[in-house]
Amino acid sequence: MNESTARDPGSSERDVPAVPPSRPELAKHPVEAHALLALVVEDEPVARRFIQASLVKDGFKVIEAESGEEALKLFDQSPTPNIVILDIGLPGLDGFQVCKRIREKRADIAILMLTARADPEDKIAGLDLGADDYLVKPFNPGELVARIRAVLRRAALRPALEEPLVFGDLTLDFQTQNAFKNGVDVNLSPREFSILAALLRHPGQIMSRDQLAKEVWGEPRNGNARALDVFVCKLRDKIEDDPSCPRLIKTVRGAGYTCG
Ligand code: CA
């Protein structure tokens, strides 16, 4: 196992004892009982080993897939990974498709997407399909592990199976992550669903873009506000009678959005 690329221990958020970098097999030590399982999906061997080594060093157990198809096979095996680190650029089934399929199986698993391009459209597409966050290559092990820990914390805070939320002619089913208008499924993406849910949990309240981004992504970051506007626009197309004159999700100029 070549770990020479993962020298920087740099994580400030380590809460699982680290394993000495030269002995990744020591992860089978007592740490294992509490170790989180990460599925790393990356077709480039050097990049995959780098990620694997960074995670093992931080106390994770790691399984690896070099294609989207292999990733989905591994995902279905037991135990289910706690987090999926998913490269977008894969031969065959790409990262977006894998993300979508995993989300259809499980709403609660953390997904961190990796992108080689800093293209905002890529980020939005990944988040829209239910990824929790994205990381632009190149990154160092400290950044990777810090981002993974943040994503896992948010996934753990995700409210489990809430009762359905009814608002006017809308019903949100948190178990299936489906939204219905007058009983008809409006086919929201996971991200559209979480934005609508965040607004409906605070009816009548004006939520700033930062507040909404915090509720949806856990923390406001550059680019989230723009992504949010894109998602709200898509959401209106699906739930408003007249998207050009929205009655459910209203924009409050200079302040944010309000629902109801
Ligand atoms: Ca790749």
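Here the structure is a predicted model, which is why all the values come from computation and not from measurement.

What the chain contains, in helices and strands, is nine helices and eleven strands. A buried classification covers 47% of the 260 residues belonging to the chain.

All of the protein donors around the calcium ion are E42 (OE), D43 (OD), E44 (OE), D87 (OD) and G89 (O); their distances to the metal are 2.1 to 2.8 Å. Here the donor residues for the calcium ion map to a single chain with the spacing E-D-E-x42-D-x1-G. Looking at E42, the relative accessible area reads 0%, which means it is buried.

This part covers helix α2 (residues 45–57). Because each turn of an α-helix spans 3.6 residues, side chains separated by three or four positions in sequence point in the same direction. Taking 1.5 Å per residue, 13 residues should reach 18 Å; α2 reaches 18 Å between its end C-alpha atoms and fits that length. Taken as a whole, α2 has its buried residues at R48, F50, I51, Q52, A53, S54, L55, V56 and K57.

Right, let's talk about the packing of aromatic side chains for a bit. Evaluation of the coordinates by the stated rule reveals two aromatic pairs. Ring centres 6.1 Å apart and planes at 40 degrees place the aromatic pair F50 and F139 in the tilted group. On the criterion of sequence distance, the pair formed by F50 in helix α2 and F139 in the loop between β5 (133–136) and α6 (141–157) is long-range, its members being 89 residues apart. As far as burial versus exposure is concerned, F50 and F139 are alike and both buried.

Attention shifts here to the sheet that holds strand β1 (residues 37–41). Here we have five strands laid out as an open sheet, ordered β2-β1-β3-β4-β5, and parallel in their pairing. Unpaired on one side and paired on the other, β2 (61–65) and β5 mark the two borders of the sheet. Direction aside, the axes of adjacent strands within the sheet are offset by 20 degrees on average. By the bridge criterion, four bridges tie β1 to strand β3 (residues 83–87) in an arrangement that is parallel. Bridged to V40 within β3 is I85.

The subject of this paragraph is helix α5 (residues 120–128). Here α5 has its buried residues at D122, K123, I124, G126, L127 and D128. Packed against the buried residues of α5 are α4 (95–105), β4 (110–115), β5, α7 (190–200), α8 (209–217) and α9 (224–239). Of the residues flanking the end of α5, it is G130, one or two places downstream, whose phi is positive at about 110 degrees.

Here we come to the pattern of salt bridges. In the structure shown here, the tally under the stated rule is 13 salt bridges. The network of salt bridges with common partners includes E42, D87 and K137.

Ranked by size, the top nonpolar core spans 53 residues in total, and within it V84, L86, M113, L172, L196, I239 and I249 carry the most contacts. Taken together, domain 1 (13–156) and domain 2 (165–259) each give at least three residues to this core, which thus spans both. Dropping the residues within four chain positions of it, L86 is found in contact with V41, G95, V98, C99, I111, L112, M113 and L114. In terms of nonpolar packing, the next biggest core, distinct from the first, is built from 21 residues, L55, V62, I85 and I148 among them.

Basis of the calculations
Residues numbered from 1 in each chain as written. Predicted model: local features only at pLDDT ≥ 70, side-chain atom pairs only at ≥ 80, totals over all residues. Heavy atoms only, no water. Helix = DSSP H or I, 4+ residues; strand = E, 2+ residues; numbered from the N terminus. Buried < 20%, exposed > 50% of the residue type's maximum accessible area, 1.4 Å probe, protein only. Donors = N, O, S within 2.8 Å, 3.2 Å for Na, K, Ca; no water. Expected span 1.5 Å × (residues − 1). Phe/Tyr/Trp six-rings, centres within 6.5 Å; stacked < 30°, edge-to-face > 60°. Pairing = 2+ DSSP bridges. Axes fitted to C-alpha atoms, helices over the stretch in contact; angles between N-to-C directions. Contact = heavy atoms within 4.5 Å. Salt bridge = Lys/Arg side-chain N within 4 Å of Asp/Glu carboxyl O. Core = buried A, V, L, I, M, F, W, Y, C linked by side-chain atoms within 4.5 Å. Domains from an automatic or database assignment.

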